[in-house]
Amino acid sequence: CIRDRYQRRVHGNSNPKMAVLHCLVLLVTAALVSSAEVQDQQITSCVIESCSGCRLNRLPKVRDFLNNYAPKYQNLEVKYNYGDPRAIFYNAAGEEVERVQLADMDQDAIGRLMLSKGIALKFLRMTSSESEGLSIDFGCVR
């Protein structure tokens, strides 16, 4: 008697009907979780996550995009934490829609990716009175 109680406590209920019921519950739960995909696939924002140290320094093209080009995009945020650089795209509800690894891309490829996903460049908007006397330096063009 004591041995049977110990085995039931340690090894669980040995009733085959209960085991089948537990398996069915797990299968139904797994099916519900997998079917609960994000319904709104319209991308509205992006977060690029990347380490700020050694790994990023070994990827100069990605580092160049993050430092020089990322600030020029609307709804694009750069977060420095850990791991390989990746772009995480979100919908209006803040749900993750897609992840893309950036380690093998250059600045142009990342820029094309942003534009293809709907992350637009910021535009300078000013009134005509603000633009009076504005001079633009194009660097080597004189």
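Before going further, it helps to spend a moment on the pattern of salt bridges. Taken as a whole, this structure holds four salt bridges when the rule is applied. The residue Glu-49 makes a salt bridge to Arg-86 at a minimum N-O spacing of 3.0 Å. Of this pair, Glu-49 sits in strand β1 (residues 45-51) while Arg-86 sits in strand β3 (residues 86-90); the two residues are 37 residues apart in sequence, bridging distant segments of the chain. For the pair Glu-49 and Arg-86, one class covers both residues: buried. The closest approach of N and O atoms between Lys-117 and Glu-98, which form a salt bridge, is 2.7 Å. Of this pair, Lys-117 sits in the loop between α5 (107-116) and α6 (128-131) while Glu-98 is found in strand β4 (residues 96-101), placing the two residues 19 residues apart along the sequence. Given the relative accessible area of 22%, Lys-117 is considered partly exposed.

Turning to a nonpolar patch on the surface, a few remarks are in order. A grouping of Leu-115, Leu-121 and Phe-123 is seen on the molecular surface, where their side chains present a nonpolar patch of about 310 Å² in accessible area. Along the polypeptide, Phe-123 turns up in the loop between α5 and α6. Look at Phe-123 and you get exposed, because its relative accessible area is 62%.

Calculation criteria
- Residues numbered from 1 in each chain as written.
- Predicted model: local features only at pLDDT ≥ 70, side-chain atom pairs only at ≥ 80, totals over all residues.
- Heavy atoms only, no water.
- Salt bridge = Lys/Arg side-chain N within 4 Å of Asp/Glu carboxyl O.
- Helix = DSSP H or I, 4+ residues; strand = E, 2+ residues; numbered from the N terminus.
- Buried < 20%, exposed > 50% of the residue type's maximum accessible area, 1.4 Å probe, protein only.
- Patch = residues over 30% accessible without salt bridge, like charges linked within 9 Å, V, L, I, M, F, W, Y side chains within 5 Å.
- Areas by Shrake-Rupley, 256 points an atom, 1.4 Å probe, with all protein chains shown as cover.

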